[in-house]
Each structure stands twice: as C-alpha cells, then as structure tokens.
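Secondary and tertiary structure notes
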Amino acid sequence: MDEIKENTKTASQAWRRKPRKFAPKSRLGCRTCDGYREMPVAFKNEKTEIQSTHYHNEKADRAESCNSYHPCTTISAYHPKTWYSKYHGLIWQNLGPFMILPVTGSAQAEAMWFFESISIKHLNEYRPCESWRKTLMFFSQTVPSVRYAAIALALIHRNYLYRDSSDRMQQPQSSRDWLRDNGPLFHYNRAIRLLLDQENGTSTERTAVTLLVCYLFTCFDHLAGNYVQAVKHLRGGVELSRNIDKAILNNNSTYDDPKPSGFCTLIYQVTRQIRRLDMQAVSFLVDWTPADIQEKFVLQLPPDGTFLSLDLAADHLQTVVAQVMRLRHTVQQMSPMDRMPPTLLSLKDTVFGQLETWQSSFKNTLRQGRSYETSSETYPLVSLLRLQHTVACILLSCCGPGREMDYDNFLPQFQQCVALARDLAAAHERFSESSRATFTPEIGIIPLLYIIGVKCRHPMVRREVLRILRGQPTQEAVWDSISAARVIERVIEIEEGGFEEGLMIQSMEQISVCKRIEALSWVHVASGQSAVRLDISYTFCARGGLHIESLLI
C-alpha cells in the first residue's frame, strides 16, 4: 500500500517538473500577463529554458521549489490493449452522481453557450470525435475548475473570432485590443485557484481534472499568443500522462479498477488529445522530442494490413511525419559542404520504408471501407492524410545538404497537394459556416501550404497557395495563415526579384540556385501599441551569411 501511495505521489509530482529545453523553429515571440507570475521564462542563446511551477493536488506542496527535469524513457506509441479495451467508449454509464453547476450571471451563461456551441466544435475539427465533445461538455458543467477554464477559453476564443467585427459595442476592434480584455484572464486564474484547492475525490479524479484543465489551458495560451506558456502546459500534461501509463504497466495503480469510473475514461480521452498535440509540435519546435516517438519505430499493423479506423491511421502517420521533421531539422544544422553520415542515411531509409508501409495499409483501409471516400465527416480527414503523406515524402526525398534544386522534380506532387488543400479549405469554410477567423489547437493544412509555398518555385502554384492562405484567416496551434502568407510573399519577392517589373516568371528554372532561399525562420512579434510584425531570418542556397528583415502584417 505504501508503494502504491508513493507511485501515485510520484505521478502527481511529475506535473511540477521543469520541462525540457526547446527552441521554436519559428522562434515565436510570446506575450506575458499577470496570470504567469509564478511561471518565469528565461531566454538563453536562442533556446528557451522554461521554469515553471505546475499545478499540484496537495496544498502542502505548493511552496516547494520546482525539481530539475529528468527526461523519462520513451514508451510505445500505443496504449496497452487492456488499457484501450477497458476504457474505450465508457463515458456516461460510469460517471458519478454529479450535479450541474449553477450559472452565475448572464455573462457566464453566454460564455458557456459559446464554449458548447462553437469552441468545442473547433477543438478537434480535423479529427472529430463526438464522445470527446460530450465529455468536455459534461465536465465543464459539473467540475468548477474545468468550468472556469472552459469559460476562459470561450471568452478569448470569442474575442479572437470577432476581433475584426465592426460592432464596437460587442467586441474589441483590432488584434492589439482583443487581448486586453481582462475577463478571460480572470476566469483563467480562477480555474488555477480551484485546481490548487481541490481536496475531495480520489487521486484518479484529481489527475483527470488536472489533465483536462491542462488541455484547455494549452488551447487558451495558443489563442492568447503565449506560445511558451502553451508549450509548458503541453509538456506538463504529457509528463503526467506518461506517469499514468507507467503505473498501469507496473500494475501499481488505482487505475486498474475492474469497474473504471468516468474519470478513468476522461484520462484516456484527454491523454489521446494531449499526446496528439505533443506529436504535432515538431512542426514548429526544432528541439522537441514527442513522448511517444521512437528512433527505431516499427509500424505495427494488423495481420490483414489495414487500420482499424481512420483515427488510428492518422496516429500512425503523425508518428512517421514527426520522424521526418526531426530528421530534417537535424540535417538543416549541417554545412552545405557536409555529407550525410551513415547513421542519418540509414534512418532516412527506415523512415521511407515506414511511409511506404503506411501508404499501402491506408489504401487497403480505404478499399475495405468505401464510405470513407464519400462521407462528409471523414472525407476531409482522408484528404488531409493524403496531403500530409505526400508532403512528408517530398521533404524526405530532398533532405540533405545542397538538395534545394531537387524540389523542382516534384512539381506534379506539389500540384496534387494544392488541389487537396483547396478542397480542404473549402470544407473548412463550410464547417465554420463563416468567413471569420477560426482557431484549432491541431495542426492541419497551414504548415503544409507554407512548405509548398517556399519550396515549390512554380509561379502559379505559389500564387494559388497564397490565395488559399488568405481566403479565410485561420490559426492552427502557433501557425497563422496570414503570417505564413506574408512570409511566402516575401520569399517570392526575393527569389523572383531582378525580372522585369510587373512581369511574373514563367518557369522554376528562371530562379537560379544562388537566388533560392534555403533555410528560413521567423519570429511573430506583437507588443504594446506597435503594429504586429514578423522578424524573419534566412540564408541563400550555396551562399554564406544570415539575412534578417522585419515585415509588417
């Protein structure tokens, strides 16, 4: 019994550990507000060392200093079969006798309506899950800390959605003003206090609530532009979920209850959401290793070579894409004159094999479930997976020093990707039922369009990418469609500069290798009354020297 208590305490203490160092690919700036006084951020040598005081269930531990971070051993990307089968689909029948919390005031009622009608809908737009949405609604109605976290997210999401509204009486006018509203921050801090004060319930219940609030806070800080803070929430949730898995695997946990509660179901569901965001973070963080990734990952498929669902196919592909991005980040640190070492070449071949295996299994899955191709709900996911797979194959094929010209060989694939992205953008506009700005914490098409825009030098392809990005302002985690479009526009100006004014180049070959931008990153800066700007840095292919510019959005 003492050992069980010690393991449970260790799991909860993981929420306090200092996250690992990371460096954002785009070196994104962040905003700081009064809600983070206990979570200072220090910058050092362009890598961000995050020190945080995470939420803990025991009052007596609040005054403790943060322990140093010790990376845990990577675990499998898949939940144990018994864990999956025991808790999958168990939501309503095992929930305790909660009472719906009363709503105090019309403002809270409006915020909760917005959260349940609009915010929840967009949190997992690309991979919709009705049971997860119902779980979010239930706990936001019955658990005080979750309620206030949901209200905070709803308020800042509403401000973001209506930031360009002409109705000054209803919403702030500009992107600089909408973040000044103190309402979201008030409820955000209220959720923190209630989370720290929770005493009742079992450790399972406290862990479930902590994970859910962590997820909502990650979404909140993405919307607020506090990207460093969002990453801290994400890392804390990942570490807590990993300790839960360790306890289950060691049979030392109260989660191994033959009659699992609704809280155990919530732990399973929110862990899937957090780990998905963790895996996707490699698209914008250079020094980021997802908790569930393995260096020698072997794609594990059923004997018939098909995925049990599109959701599992997406999980498999996301893991392989993360491998591609990590390999690409590693190679970008090499000199153009260097040659890839044998270890990286071997890893490149292994990841290529994983992409081919995934594609074969994905085709088998679609053949056995023909409704996937025509279903209005699953069709966007099928198109997104095809788009992600194609771009990953292109990146991996051109991965290596001095390979920038190789992208010209993939024009047909780039054109296919733009067609898929066009369909997805149209589906997104129908889904949102509005041309206003939208937000989702999941990664969708924006980073893929950004890669196409800077790597495919065909003039018509690039202009179509810009049209899609500017068609409807969209934010996916830290990726902002308007910022991505502005960066691509600047790349076009640089690479196509020197031609006759007012005339567009006719072919990719007109852009010589020495004029091509090879490595590009940017910092999104928004502070005080100054206009939002992008600080970009880039290098030219086969030429030395770092170039730095500032762009107004």
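Residues numbered from 1 in each chain as written. Predicted model: local features only at pLDDT ≥ 70, side-chain atom pairs only at ≥ 80, totals over all residues. Heavy atoms only, no water.

1. Here's the deal with the overall build of the protein
Summing up its helical and strand segments, the protein has 17 helices and 8 strands in all. In the protein, which comprises 553 residues, the share counted as buried stands at 56%. Of all intrachain contacts in the protein linking residues separated by at least 6 positions in sequence, the fraction that spans at least 24 positions is 75%. Per element, the accessible surface of the protein, about 24,200 Å² overall, is 52% carbon and sulfur. (Helix = DSSP H or I, 4+ residues; strand = E, 2+ residues; numbered from the N terminus. Buried < 20%, exposed > 50% of the residue type's maximum accessible area, 1.4 Å probe, protein only. Contact = heavy atoms within 4.5 Å. Areas by Shrake-Rupley, 256 points an atom, 1.4 Å probe, with all protein chains shown as cover.)

2. Digging into the packing of aromatic side chains
Scanning the model with the defined rule gives 10 aromatic pairs in all. Ring geometry for Trp132 against Tyr215: centres 5.4 Å apart, planes inclined by 80°, an arrangement best described as edge-to-face. Of this pair, Trp132 sits in helix 4 (residues 130–142) while Tyr215 sits in helix 7 (residues 203–224), and the two are 83 residues apart along the sequence. Residue Trp132 is classed as buried on the basis of its relative accessible area of 1%. A relative accessible area of 1% means that Tyr215 is categorised as buried. With 4.2 Å between their ring centres and 25° between their planes, Tyr188 and Phe217 make a pair best called stacked. Here Tyr188 is found in helix 6 (residues 182–197), whereas its partner Phe217 is found in helix 7, with 29 residues between them in sequence. Judged on exposure class, the residue Tyr188 and its partner Phe217 are both buried. The side chain of Arg235 reaches across the aromatic face of Trp288, ending 4.3 Å from its centre. (Phe/Tyr/Trp six-rings, centres within 6.5 Å; stacked < 30°, edge-to-face > 60°. Lys NZ or Arg CZ within 6 Å of the ring centre and 35° of its normal.)

3. A short note on the sheet that holds strand 5 (residues 479–480)
Reading across the sheet, the 3 strands line up as 3-4-5 and stay open at both edges, with mixed pairing between neighbours. The sheet is open, and its two edges are formed by strand 3 (438–440) and strand 5, each paired on a single side. Here strand 3 pairs with strand 4 (residues 474–476) via 3 bridges, running parallel. If you follow Phe439 over to strand 4, its bridge partner there is Gln475. (Pairing = 2+ DSSP bridges.)

4. Quick word on the packing of helix 10 (residues 310–332) against helix 13 (residues 379–397)
Running from N to C, helix 10 and helix 13 cross one another at 25°; their axes reach a closest spacing of 10 Å. Taken together, the axes of helix 10 and helix 13 lie roughly parallel to each other. Like other packed secondary-structure pairs, helix 10 and helix 13 cross with a definite hand, here left-handed. Contacts between helix 10 and helix 13 pair Leu310, Ala313, Ala314, Leu317, Gln318, Val321, Val324, Met325, Leu327 and Arg328 from the former with Leu381, Val382, Leu385, Gln388, His389, Ala392, Leu395 and Leu396 from the latter. Residues of the contact of helix 10 with helix 13, tallied by class, amount to 14 nonpolar, 3 polar and 1 charged. (Axes fitted to C-alpha atoms, helices over the stretch in contact; angles between N-to-C directions. Parallel < 35°, antiparallel > 145°, perpendicular 65-115°, else oblique. Left-handed = near helix turned anticlockwise from the far one by under 90°. Nonpolar A, V, L, I, M, F, W, Y, C, P; charged D, E, K, R; others polar.)

5. Points about empty space enclosed by the protein
Tallied over the full model, the rule gives 6 cavities of 30 Å³ or more. Together, 18 residues line the largest cavity, and Ser283, Val321, Met325, Ile443 and Leu448 are the ones closest to its centre. Contributions of two or more residues to the lining of the largest cavity are made by helix 10, helix 13 and helix 15 (446–455). Here the residues of the lining of the largest cavity sort into 12 nonpolar, 5 polar and 1 charged. (1 Å grid on protein atoms, 1.4 Å probe; cavity = no way out; pocket = protein on both sides within 12 Å on 5 of 7 lines; lining within 4 Å. Points joined across faces, edges and corners; volume = space filled by probe spheres on them.)

6. Overview of helix 15
Most of helix 15 is tucked away, with 10 of its 10 residues classed as buried. All buried positions along helix 15 are accounted for by Ile446, Pro447, Leu448, Leu449, Tyr450, Ile451, Ile452, Gly453, Val454 and Lys455.

7. A closer look at the state of the cysteines
Within this structure, the stated rule accounts for 0 disulfides. No disulfide involves Cys399; its sulfur sits 9.0 Å from the nearest other cysteine sulfur, which is in Cys398. Relative accessible area serves as the criterion here: at 4%, Cys399 is assigned to the buried category. With no disulfide of its own, Cys541 lies 9.1 Å from the sulfur of Cys514, the closest cysteine sulfur. (Disulfide = S-S within 2.5 Å.)

8. Brief notes about the packing of helix 3 (residues 106–123) against helix 4
As a packed pair, helix 3 and helix 4 sit with axes 10 Å apart at the nearest point and diverge in direction by 150°. On the basis of the axis angle, helix 3 is roughly antiparallel to helix 4. When you trace helix 3 past helix 4, the crossing you get is right-handed. Contacts from Met112, Phe115, Glu116, Ile120, Lys121 and Leu123 in helix 3 reach Arg133, Leu136, Met137, Ser140 and Gln141 in helix 4.

9. Examining unusual backbone geometry
Unusually for a residue other than glycine, Ala477 sits at a positive phi of about 55°. Checked against the element boundaries, Ala477 lands in the loop between strand 4 and strand 5.

10. A short note on the sheet that holds strand 7 (residues 533–540)
With respect to topology, 3 strands assemble into an open sheet ordered 6-7-8, the strand pairing being antiparallel. Whereas interior strands pair on both sides, the edge strands pair on one side only; in this sheet they are strand 6 (517–525) and strand 8 (547–552). Strand-to-strand twist in this sheet, taken as the mean axis angle between neighbours without regard to direction, amounts to 25°. Across 8 bridges, the pairing between strand 6 and strand 7 is antiparallel. Paired with Ile517 across the bridge in strand 7 is Phe540.

11. Some points on the pattern of salt bridges
A full pass over the atoms with the stated rule returns 24 salt bridges. Where Arg422 meets Glu464, a salt bridge forms, and the shortest distance between an N and an O atom there is 3.0 Å. Highlighted residues: Arg422 in helix 14 (residues 411–432) and Glu464 in helix 16 (residues 459–471), separated in sequence by 42 residues. Taking relative accessible area as the criterion, Arg422 reaches 35% and is therefore assigned partly exposed. The partner of Arg467 in a salt bridge is Glu464, and the shortest N-O contact between them spans 2.9 Å. (Salt bridge = Lys/Arg side-chain N within 4 Å of Asp/Glu carboxyl O.)

12. Concerning the side chain of Thr365
Among the secondary structure elements, Thr365 is positioned in helix 11 (residues 342–368). The class of Thr365 is buried, set by a relative accessible area of 4%.

13. So, helix 16
Residues spaced three or four apart along an α-helix point in a common direction, a consequence of the helix completing one turn every 3.6 residues. For helix 16, built from 13 residues, the straight-helix expectation of 18 Å at 1.5 Å per residue is met to within 8% by its first-to-last C-alpha distance of 18 Å. Residues of helix 16 that are buried include every one of Pro459, Val461, Arg462, Glu464, Val465, Leu466, Ile468 and Leu469, and no others. Where the residues of helix 16 are buried, they touch helix 14, helix 15 and helix 17 (481–495). (Expected span 1.5 Å × (residues − 1).)

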